[in-house]
Amino acid sequence: MATVVAFHAHPDDEVILTGGTLARAAAEGHRVVIVVATDGRVSDDDADRLGELRSSAAILGAHRVECLGYADSGFGPEFPADPPGRVRFARADIAEAARRLADILTEERAELLLSYQSNGGYGHRDHVRVHQVGKQAAQIAATPRVLEATMPREMLARIAEAARWVRLPAPYHRDVVRTAYAPRAHITHRINVFRFARQKRDALAEHRSQISASPAAARLVALLMRLPPQAAGVMFGREWFIDPDREPGPVYRDIFA
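This report concerns the structure included in the present document. If you're wondering where the values come from, they're calculated on a predicted model, not measured in any experiment. Within each chain, residue numbers correspond to sequence positions counted from 1 in written order. Note on the predicted model: pLDDT of at least 70 is required for a residue's local features to be given, and 80 or more for side-chain atom pairs to be given and counted; whole-chain, interface and lining totals, by contrast, use all residues. Note that the side-chain values use all heavy atoms of the structure and ignore hydrogens as well as water.

### A short note on the layout of surface pockets
Phase 1: Lining residues are defined by having an atom within 4 Å of a point belonging to a cavity or pocket. Those points lie on a 1 Å grid over the protein atoms alone, cavities being sets where a 1.4 Å probe fits but cannot get out and pockets being open sets with protein on both sides within 12 Å along at least five of seven lines. Grid points are joined across faces, edges and corners, and a volume is the space filled by probe spheres set on the points. Put simply, the second largest pocket is a space of about 220 Å³.
Phase 2: In this structure, the second largest pocket is lined by 14 residues; those nearest its centre are K135, A138, V146, P244 and D245.
Phase 3: Segments assigned H or I by DSSP are reported as helices when at least four residues long, segments assigned E as strands when at least two residues long, and all are numbered from the N terminus. The set of elements that each furnish at least two residues to the lining of the second largest pocket consists of β4 (112-116), α5 (125-141) and β5 (145-150).
Phase 4: Residue composition of the lining of the second largest pocket, by class: five nonpolar, five polar and four charged. Think of it as three bins: nonpolar holds Ala, Val, Leu, Ile, Met, Phe, Trp, Tyr, Cys and Pro, charged holds Asp, Glu, Lys and Arg, and polar takes everything else, Gly as well.

Here you go:
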């Protein structure tokens, strides 16, 4: 059995991008470790989201959860100043953060690191930093393989258009979707997580403070929680990755392939 380390920017990212894959890996007997760069707090007044992360990770079957301790950098044109005693992750020294992640990769003897694309998926400054730190950490720890979590850009465009017509909140604005994540042709791994969609949905629901911060997100999650398992499987049944060391070609069905 192998060890996979999933490196994410904030609590709840572990579910959105890799929840089904991690649940599947754990169910198949692999060791699953989740590392987040930040505690998800933009302001010191924000709720502590690490408890929610641990609850989510338990539902997914993860064996270990770690936080590197950086502050959330926020999203949008305004880049907040560092809070007292902490550095926002997007300002973190890449080499220092990479060494901290590499220590975990080495300790766990990780065969696979799940990280992000260079565009951070949708341009979030912390997600871009995850790519930079993850890439360097894998080199330091000599981790054999890295996969970058992604989504098909074409699918997101269809979802954004459908959401507009039915007046539901879209996960990303249409302007963001034009350059978000990756074209389908670039994807190297498409993972079937249909059997683990309910775990993914339930894990997402554990991130209550993040959900309640957005009325639109709260409505969407409430709708998802009412879906029967088969419908949840249709919505959450696939997750996607890019192997940065391979040219696009055959699409693999297993993260260890």
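Continuing now.
### So, the packing of aromatic side chains
Aromatic ring pairs are described here by two measures, namely the spacing of the ring centres and the angle between the planes.
Phase 1: Within 6.5 Å between ring centres, the rings of Phe, Tyr and Trp (the latter by its six-membered ring) count as paired, and their orientation is classed by plane angle as stacked under 30 degrees, edge-to-face over 60, tilted in between. Scanning all chains against the criterion turns up four aromatic pairs.
Phase 2: Geometrically, the ring pair formed by F75 and Y122 is edge-to-face, given 5.3 Å between the ring centres and 70° between the ring planes. Residue F75 is found in the loop between β3 (64-70) and α3 (94-108), and its partner Y122 is found in helix α4 (residues 120-123); the two are separated by 47 residues along the sequence.
Phase 3: The buried label applies to any residue whose accessible area, calculated with a 1.4 Å probe on protein chains only, is under 20% of its type's maximum; exposed applies above 50%, and partly exposed to all values in between. For F75, a relative accessible area of 52% corresponds to the exposed category.
Phase 4: Consider the rings of Y122 and Y181, whose centres lie 6.5 Å apart with planes at 40°: the pair is tilted.

### What about empty space enclosed by the protein?
Phase 1: Counted by the stated rule, this structure contains one cavity of 30 Å³ or more.
Phase 2: In this structure, the largest cavity occupies an estimated 40 Å³ of space.
Phase 3: For the largest cavity, the full set of lining residues is T21, R24, A25, E28, I191, D254, I255 and F256.
Phase 4: Per element, the largest residue contribution to the lining of the largest cavity is three residues, and it comes from helix α1 (residues 13-27).

### Quick word on the pattern of salt bridges
Phase 1: By definition, a salt bridge exists where a carboxyl oxygen of Asp or Glu is found within 4 Å of a side-chain nitrogen of Lys or Arg. Tallied over the full model, the rule gives 16 salt bridges.
Phase 2: Close ionic contact of D39 with R86 constitutes a salt bridge, the shortest N to O distance being 2.7 Å. On the criterion of sequence distance, the pair formed by D39 in the loop between β2 (31-38) and α2 (50-60) and R86 in the loop between β3 and α3 is long-range, its members being 47 residues apart. Take D39 and R86: they sit in the same class, and that class is buried.
Phase 3: As a salt-bridge pair, R64 and E108 come within 2.8 Å of each other at their nearest N and O atoms. Taken as a pair, R64 in strand β3 and E108 in helix α3 lie far apart in primary sequence, 44 residues in all.

### Some details on the pairing of β2
Phase 1: Burial within β2 is extensive, with seven of its eight residues counted as buried.
Phase 2: Here strand β1 (residues 3-8) runs beside β2; their pairing, made up of six bridges, is parallel. When the bridges of β2 are listed, A6 appears paired with I34.
Phase 3: Once you follow β1 into α1 and on to β2, the crossover reads as right-handed.
Phase 4: Between any two strands, pairing holds if DSSP finds at least two bridges. Pairing of β2 with β3 involves five bridges; the strand directions are parallel. What sits directly across from V36, in β3, is C67.
Phase 5: Following the backbone out of β2, through α2 and into the adjacent parallel β3, one traces a crossover that is right-handed. Crossovers are described as right-handed under a simple rule: with the strands pointing away from the observer, the path leading from the first strand over the helix to the second runs clockwise.

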